[in-house]
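The residues making up each chain are set out below.
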Amino acid sequence: MNSPVPSVVSARDLGLAFQTNDGPVHALTGVNLDIKKGDFVSFIGPSGCGKTTFLRVIADLEKHTSGGIEINGMSPQQARESRAYGYVFQAAALYPWRTIEKNIALPLEIMGYAKSEQQKRIAETLDLVNLSGFGKKYPWQLSGGMQQRASIARALAFDADLLLMDEPFGALDEIVRDHLNEQLLKLWERTNKTICFVTHSIPEAVYLSTKIVVMSPRPGRVTDVIESTLPRERPLDIRESPEFLEIAHRVREGLRAGHSYDE
Amino acid sequence: MTRRTTDSWQGAAAILLGLLAMISIPPFESDATSIPGRGWSVAVFLLIFATAIASLIPMRRLVAAIILFAGAHLIAWLLIGSLSGNEGKATVSFGLLLAAGWVLAWRAATVLSSLKARTKFADYALRLLIPAIFGAWILILWEAATRGAGIPFILLPPPSAIGARLAESVGVLTADVRQTVFKAVLAGYILGCAGGFVAAILADRVPFLRRGLLPIGNMVSALPIIGVAPIMVMWFGFDWQSKAAVVIILTFFPMLVNTVAGLAAAGHMERDLMRTYASSDWQTLLKLRLPAAMPFIFNALKINSTLALIGAIIAEFFGTPIVGMGFRISTEIGRMNVDMVWAEIAVAAIIGSIFYGAIALTERTVTFWHPSVRGGQT
């Protein structure tokens with residue numbers, strides 16, 4: 001920890017305004033944030049706080065309108081074109097005409113990986129998300145949780161150090177969600193990726209993250225950045241420890257503060 | 001198979017119709033030339049009552065279906081067989097007997113529809129058998145009505161005469177099909193569909209084409225083809241080329257419009273996904289948008305399969321060498337050979353069905369993943 005850890009994402013006074021008929025809507029204002037290599041950062045906040053928008057700006061799916069942002073020292077567009085990140089959407093977005101295997105091969109085909117390399121990576125990533133043996137199935141033959149795992153495998157198949165996840169488990173039930181959270185932590189441990197994770201759930205954010213970014217709406221902004229003091233090794237029952245509850249409390253306070261002037 | 005069937009209102013109706021027929025005998029007017037004997041009458045009445053009563057008795061559905069099927073068709077066979085020599089001499093009694101046979105066949109189809117197939121083959125056979133019974137009875141009623149009531153041949157020939165004419169004229173019909181279907185329809189269909197597809201891809205690439213071509217496409221597809229056909233004959237001559245041109249005009253725009261709609265069918269999330277991969281436009285087209293457009297494209301192929309056949313046949317009304325289905329229809333109707341016209345119509349219907357069926361079958365294998373094909377959710 002002596003040498004400075006490089007920034008993967010660094011935003012300086014970032015803003016994004018959508019032009020509407022009723023004048024500009026400020027989805028993001030004055031966002032300053034540094035995400036270090038190997039961080040697991042959660043973005044939490046109520047709907048409309050701009051957490052998904054921020055993720056989409058990193059991914060170059062939206063353009064910021066003021067301030068600056070760099071990903072690995074590049075502009076978002078350059079980063080996207082150099083395939084710097086994998087993106088996991090709210091839904092699995094697997095193509096129904098492709099098998100799970102072929103879905104994972106999709107980015108590899110587009111990026112021009114050799115056939116043998118594709119096979120190797122498919123096997124590796126399927127193993128990583130515990131879906132070995134399901135490669136020949138079609139997406140609609142799998143459960144929602146398995147589909148979302150396959151979509152994570154697809155985002156892991158190519159060499160991007162940054163994983164952007166937009167409420168990936170939002171549509172799944174609590175039990176599946178717990179299980180996938182645990183698996184995601186293990187996966188993060190094994191792959192050493194930097195993960196940006198958007199969520200609605202306080203326990204999910206606290207359980208997963210090394211850093212929690214609390215956001216608030218109208219205009220979308222960052223109200224608190226909480227560095228987690230939890231160890232990297234986290235069994236599920238860490239969620240009952242006083243330390244965990246203290247961080248969760250601070251997140252809840254942050255969310256409430258963001259809301260207070262609204263009432 | 002343990003469930004019993006007793007709700008046969010058709011059985012009761014058949015008995016009633018049989019009784020009414022009994023009151024109103026004889027089935028043929030007295031001046032008919034070959035009135036069938038007493039044995040025939042006894043056989044018909046016995047069959048009607050026996051089959052109807054059997055349908056009221058609880059029994060296994062399969063057995064009931066076999067009895068009803070055999071009974072109804074034996075009745076039909078006896079009735080149609082008795083018509084020769086007695087054309088136009090059938091009475092109300094004959095009509096009632098026929099109606100009794102028909103409701104029994106209805107019952108047979110009802111029982112068959114309620115059967116649960118236990119093997120794939122049985123399911124397939126059932127799905128073919130029920131419409132086959134339906135079709136057969138259309139022909140039976142048509143035959144009995146035209147011959148029994150003596151409907152003029154010019155107005156509506158009986159199916160048996162059409163069948164006989166069809167069998168006699170295999171050579172002529174084959175030549176017509178070769179000219180109309182294998183030359184005009186096929187060439188026009190392939191060129192029209194391919195052209196529409198390529199134009200859609202171009203319109204997708206070039207915004208100016210998308211804005212300019214589509215509104216014109218909608219207008220051209222509203223053009224009355226009757227108006228275009230003689231002009232095409234002027235331009236491209238009497239042979240099949242002019243008919244192919246009509247078919248191209250007919251099929252081009254449905255394919256264009258459907259493909260353009262299909263290319264817009266891929267979801268936002270799926271497109272964003274391609275963008276995160278920094279996928280090129282062509283890669284996105286090939287790997288996402290075209291597969292997603294397939295249901296639309298097959299829709300156009302199916303619509304066009306019927307349009308092409310209609311277009312080619314009608315175009316032949318406006319000038320053609322002395323061969324072709326449309327030519328045959330227009331000349332034979334002038335010579336009052338309506339049976340030949342019907343024979344051409346029958347051939348066109350069969351070919352149209354095969355054409356459509358082949359495309360629908362291909363569609364099922366290509367868009368196997370679509371919820372409408374695999375019958376699932378999500």
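Quantities reported herein were computed from a predicted structural model and do not represent experimental measurements.

Draft legend 1. Expanded view of the overall build of chain B. Secondary structure assignment for chain B yields 15 helices and zero strands. When the 378 residues of chain B are sorted by exposure, 45% land in the buried category. Contacts spanning at least 24 positions in sequence make up 77% of the contacts within chain B whose residues lie at least 6 apart. When the accessible surface of chain B is split by element, carbon and sulfur atoms take 73% of a total near 18900 Å². On chain B, the mean spot of the 28 positive side-chain charges and the mean spot of the 18 negative ones are 11 Å from each other.

Draft legend 2. Spotlight on the domain arrangement of chain B. According to the domain assignment, chain B consists of domain 1 (9-151) and domain 2 (167-374). For domain 1 of chain B versus domain 2 of chain B, the separation of C-alpha centres amounts to 42 Å.

Draft legend 3. Just the state of the cysteines, in detail. All names here are of chain A. One pass over the structure, following the stated rule, counts zero disulfides over all chains. Cys 196 takes part in no disulfide bond, and the closest cysteine sulfur, belonging to Cys 49, lies 14 Å away. A relative accessible area of 0% places Cys 196 in the buried class.

Draft legend 4. Seen up close, the interface of chain A and chain B. The interface is formed by 26 residues belonging to chain A together with 19 residues belonging to chain B. Counting each side, the surface lost to burial between chain A and chain B is near 2200 Å², with a carbon and sulfur contribution of 67%. Looking only at chain A, the three residues that lose the most surface to chain B are Trp 97, Ile 110 and Trp 140 of chain A, adding up to 32% of its buried area. Of the charged contacts in the structure, one is a salt bridge between Asp 60 of chain A and Arg 275 of chain B, with a shortest N-O distance of 3.6 Å. Breaking the side of chain A that touches chain B down by element, the ones donating at least two residues are α2 (76-81), β5 (85-88) and α3 (100-110) of chain A. If you tally residues by element for the side of chain A that touches chain B, the top one is α3 of chain A, at four residues. Within the side of chain A that touches chain B, the residues separate by chemical class into 16 nonpolar, one polar and nine charged.

Draft legend 5. Structural detail: the sheet that holds strand β9 (residues 221-227) of chain A. All names here are of chain A. What the six strands build is an open sheet, ordered β5-β6-β7-β3-β8-β9; its pairing is mixed. Where the open sheet ends on each side, the last strands, each with one partner, are β5 and β9. Averaged over all neighbouring strand pairs, the angle between strand axes comes to 15 degrees, with direction disregarded. Direction of pairing for strand β3 (residues 40-44) relative to strand β8 (residues 211-216): parallel, over a ladder of four bridges. For Ile 44, the partnering residue across the bridge sits in β8 and is Val 214.

Draft legend 6. Inspection of helix α13 (residues 325-334) of chain B at higher detail. Among the residues making up α13 of chain B, those that are buried are Met 325, Gly 326, Phe 327, Arg 328, Ile 329 and Glu 332 of chain B. Met 336 of chain B sits one or two residues past α13 of chain B and shows a positive phi near 65 degrees.

Draft legend 7. The UniProt feature "domain: ABC transporter" (unreviewed entry) in chain A, seen in detail. Feature annotation in UniProt places "domain: ABC transporter" (unreviewed entry) on residues 9-242 of chain A, given in this structure's numbering. Helix makes up 33% of residues 9-242 of chain A and strand 28%. Its end C-alpha atoms lie 31 Å apart.

Draft legend 8. Structural context of the domain arrangement of chain A. Residue and element names in this part refer to chain A. Each assigned domain of chain A is listed with its residue range as follows: domain 1 (1-84 + 161-172 + 194-263) and domain 2 (92-159). On a C-alpha basis, the centres of domain 1 and domain 2 stand 27 Å from each other. With seven residues of domain 1 in contact, the opposing surface of domain 2 contributes ten residues. A combined buried area of about 640 Å² lies between domain 1 and domain 2, and 72% of that area is made up of carbon and sulfur atoms.

Draft legend 9. A look at the packing of helix α2 (residues 38-56) of chain B against helix α4 (residues 92-113) of chain B. Residues and elements named next belong to chain B. In the contact formed by α2 and α4, the axes pass within 11 Å of each other and the chain directions differ by 30 degrees. Classed by the angle they form, the pair α2 and α4 counts as roughly parallel. Both α2 and α4 take part in a crossing whose hand is left-handed. Residue-level contacts link Val 44, Phe 45, Ile 48, Thr 51, Ala 52 and Ser 55 of α2 to Leu 97, Ala 100, Leu 104 and Arg 107 of α4.

Draft legend 10. Focus on the environment of Leu 187 of chain A. Residues and elements named next belong to chain A. Residue placement: Leu 187 occurs in helix α6 (residues 174-191). Under the relative-accessibility criterion, Leu 187 is labelled buried at 5%. Look past the residues within four positions of Leu 187 in its chain and what remains in contact with it is Leu 128, Val 129, Leu 156 and Asn 192.

Draft legend 11. Highlighting the packing of helix α11 (residues 268-276) of chain B against helix α12 (residues 281-315) of chain B. Residues and elements named next belong to chain B. At a minimum axis separation of 11 Å, α11 and α12 run at an interaxial angle of 150 degrees. Looking at the two axes, α11 sits roughly antiparallel to α12. For the pair α11 and α12, the sense of crossing is right-handed. Residue-level contacts link Glu 270, Arg 271 and Met 274 of α11 to Gln 283, Thr 284, Lys 287, Leu 288 and Arg 289 of α12. Residues of the contact of α11 with α12, tallied by class, amount to two nonpolar, two polar and four charged.

Draft legend 12. Inspection of the packing of aromatic side chains at higher detail. Residues and elements named next belong to chain B. Summed over the entire model, instances satisfying the criterion amount to 21 aromatic pairs over all chains. Seen in terms of ring centroids, Phe 28 and Phe 94 are 5.3 Å apart; in terms of plane orientation they differ by 45 degrees. Their pairing is tilted. Of this pair, Phe 28 sits in the loop between α1 (9-23) and α2 while Phe 94 sits in helix α4; the two residues are 66 residues apart in sequence, bridging distant segments of the chain. For the residue pair Phe 28 and Phe 94, the accessibility class agrees, reading buried in each case. Note on Trp 142 and Trp 342: the rings are 5.3 Å apart at their centroids and 65 degrees apart in plane angle, and the pair reads as edge-to-face. In this pair, Trp 142 is assigned in helix α5 (residues 120-148) and Trp 342 in helix α14 (residues 338-366), connecting sequence segments 200 residues apart.

How each quantity is defined
Each chain carries its own residue numbering, running from 1 in the written order of its sequence. As they are written, the chains are lettered A onward and the ligands numbered 1 onward, keeping that order. Local features in this predicted model are restricted to residues of pLDDT 70 or higher, and side-chain atom pairs are both shown and tallied only at a pLDDT of 80 or more, whereas totals for entire chains, interfaces and linings draw on every residue. Processing note: side-chain calculations cover all non-hydrogen atoms of the structure and skip hydrogens and water entirely. Secondary structure counts use DSSP, requiring at least four H or I residues in a row for a helix and at least two E residues in a row for a strand, with both numbered from the N terminus. Under the scheme applied here, a residue whose accessible area is under 20% of the maximum for its type counts as buried, over 50% as exposed, and between as partly exposed, the area being computed with a 1.4 Å probe on protein chains only. Contacts are assigned to residue pairs with any non-hydrogen atoms lying within 4.5 Å of each other. Per-residue and other accessible areas were derived by the Shrake-Rupley procedure at a 1.4 Å probe size, with only the shown protein chains allowed to occlude residues. Charge counting follows a simple rule: Lys and Arg are positive, Asp and Glu are negative, and His as well as the terminal groups are ignored. Note that the charge is assigned to NZ on lysines, CZ on arginines, CG on aspartates and CD on glutamates. Domain borders in the structure are assigned automatically or taken from a domain database. Disulfides are defined as cysteine sulfur pairs within 2.5 Å. Two parts placed together each lose some accessible area; with a 1.4 Å probe, that loss summed over both constitutes the buried area. By salt bridge we mean one thing: a side-chain nitrogen of Lys or Arg within 4 Å of a carboxyl oxygen of Asp or Glu. All amino acids are sorted into three groups, where Ala, Val, Leu, Ile, Met, Phe, Trp, Tyr, Cys and Pro are nonpolar, Asp, Glu, Lys and Arg are charged, and the leftover types, Gly among them, are polar. At least two DSSP bridges between two strands are needed for those strands to be called paired. Lines are fitted to the C-alpha atoms to define the axes, a helix being fitted only along its stretch in contact, and any angle between axes, read from their N-to-C directions, falls within 0 to 180 degrees. UniProt positions are given in the numbering used here, feature names are shortened, and annotations may be inferred rather than shown by experiment. Throughout, the term roughly parallel applies to angles under 35 degrees, roughly antiparallel to angles over 145, roughly perpendicular to angles from 65 to 115, and oblique to all others. The sense of a crossing depends on the near helix, which, turned anticlockwise from the far helix by less than a right angle, makes the crossing left-handed and, turned clockwise, makes it right-handed. Pairing of aromatic side chains here covers Phe, Tyr and the six-membered ring of Trp, requires ring centres within 6.5 Å, and sorts the geometry by plane angle: under 30 degrees stacked, over 60 edge-to-face, intermediate tilted.

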